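Reading the structure
In case you want the letters, here they are:
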Amino acid sequence: MPKYQYSAVRDDGERVYGQIEGRDQSAVIGRLGEQGLHPIDVTAFESTVGAGRILGMGGGVASFKEISIFTRELAWLLQAGMSLNDALGILGKEGFSPAFSTLIGAMRTEIRKGRSFHEALAGTGLFSNHYVSMIEAGEASGTLAAVLERTVSARDREQKIRSRLVSALIYPAVLVTLATGAVIFIMISIVPSIKDMISGSGAPVPSQAQFVIDLSDWIIANGAAAAIWASVAALLLVLLLGTDRLRRMSMALAMRLPILGSLLRKSAVVQFCRVLGTLLASGVKLPDSLKLMRPSVDNGQISATLDRMEIALRQGEDFLAPLDQSKFFPSLLARMLRVGNETGNLTPSLLQVTEILEEEFDRSVERAITLLGPVIILVLSIVIAFIISSLMSAIISINDLAL
């Protein structure tokens, strides 16, 4: 569905900005009304700041890392006493990608026309809703540089979690690839020669050896076509994962896997805590923080918990009860947040429990890497042992026939 850029007013008079998907402009206005927002301006995404055209040139304008570098350097320049206009002018000449440098220049132009920084950011469609809201809170409180520093710190930690998760997957993936290559080599190079020897002897072929031989014949006859179809299927899967529904379904399936599922769950919980803590620390109110987090959540259970927390807040009930009732979140999270909420230290408690959960995630990654290697090697050994023992049984039957 097409994207639309909107500005709207809440019931309390607060102005908000963002992007939303909808069938057409009237459908978008209806959705905003359901969220308790009163639209002021709703325009097609491509018409904002010229950024839509930049994005339409193909590919992403900036990587996650590049946005983090932009945020950090902007915080440094503002802390040094430079104005926002001059800081953006300098960053637009830095070594970012051409598209991102053009986008920075477009934001600077919009600011010089009188728009606020968070409005210019929202108009690009490149920055997440919670990123824009933290910047808005920083502008309102006059602490933009500090908020930017806090934001980039959160992004660095999120990148660290992603890197740790990728590292945990690379080693097993390499082992699986090597193991698969070794088995295929045996099937196409060694088994056929043994098959010829067995066939020439006239001896009966044991069922296990016949299974290995038939599998070898199938790989030789259909291996190339199977590899091509597997590549096409993988490419289609990558393309389809761009849709929110399929991405959530694939994530739900992945979380059911042993070891990997546990890592993905812990990673999702840490990211949830980190983003919520950063929003609250930046001055964004709790109800607004929960709403802003929803578009960036791929996990259905976390999304459902966010919905229940929002409802509880609106009804004046215990908003931490959904965390208690959810089996997805660790009990430690709800307990610490409850204590923090009762003592008026919700944000510090949330940031503290995030640190604890992040350390636990790091230990889980180390255990997973330590465990997965031997498991994959053991499985490979069993497969190769089965192939060898099956072929040896056929060779022994030939010797028995000769005797």
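Cut-offs used in this document
- Residues numbered from 1 in each chain as written.
- Predicted model: local features only at pLDDT ≥ 70, side-chain atom pairs only at ≥ 80, totals over all residues.
- Heavy atoms only, no water.
- Helix = DSSP H or I, 4+ residues; strand = E, 2+ residues; numbered from the N terminus.
- Buried < 20%, exposed > 50% of the residue type's maximum accessible area, 1.4 Å probe, protein only.
- Contact = heavy atoms within 4.5 Å.
- Areas by Shrake-Rupley, 256 points an atom, 1.4 Å probe, with all protein chains shown as cover.
- Expected span 1.5 Å × (residues − 1).
- Salt bridge = Lys/Arg side-chain N within 4 Å of Asp/Glu carboxyl O.

**Digging into the overall build of the chain**
In terms of helices and strands, the chain carries 16 helices and three strands. Here the chain, with 403 residues, has 41% of them falling under the buried criterion. Taking all contacts inside the chain whose residues are at least 6 apart in sequence as the whole, residues at least 24 apart take part in 60%. When the accessible surface of the chain is split by element, carbon and sulfur atoms take 61% of a total near 21000 Å².

**Observations regarding helix α12 (residues 286–293)**
With six of its eight residues buried, α12 lies for the most part within the structure. Regarding α12, the residues found buried are Leu286, Asp288, Ser289, Leu290, Leu292 and Met293.

**Side note on helix α3 (residues 64–79)**
Taking 1.5 Å per residue as the helical rise, α3 with its 16 residues ought to reach 22 Å, and the 23 Å between its terminal C-alpha atoms agrees with that figure. Within the span of α3, buried status applies to Phe64, Glu66, Ile67, Ser68, Phe70, Thr71, Leu74, Ala75, Leu77 and Leu78. Following α3 by one or two positions, Gly81 adopts a phi angle in the positive range, close to 95°.

**Quick notes on the pattern of salt bridges**
Close approach of charged atoms lets side chains of opposite charge pair. With the rule as written, the count across this model stands at eight salt bridges. Measuring nitrogen to oxygen at the nearest pair gives 3.7 Å for the salt bridge that ties Glu360 to Lys266. Of this pair, Glu360 sits in helix α16 (residues 346–402) while Lys266 sits in helix α11 (residues 260–281); the two residues are 94 residues apart in sequence, bridging distant segments of the chain. On the basis of relative accessible area, Glu360 is assigned to the partly exposed category, the value being 30%. You can call Lys266 partly exposed: its relative accessible area is 23%. Residues Glu358 and Arg274 are paired through a salt bridge, measuring 2.9 Å at the closest nitrogen-oxygen approach. With a gap of 84 residues between them, Glu358 in helix α16 and Arg274 in helix α11 connect regions that are remote in the sequence. Residue class for Glu358 comes out buried when judged on its relative accessible area of 3%. Given a relative accessible area of 9%, Arg274 falls into the buried group. One network of salt bridges, in which partners are shared, links Glu110, Lys113 and Arg115.

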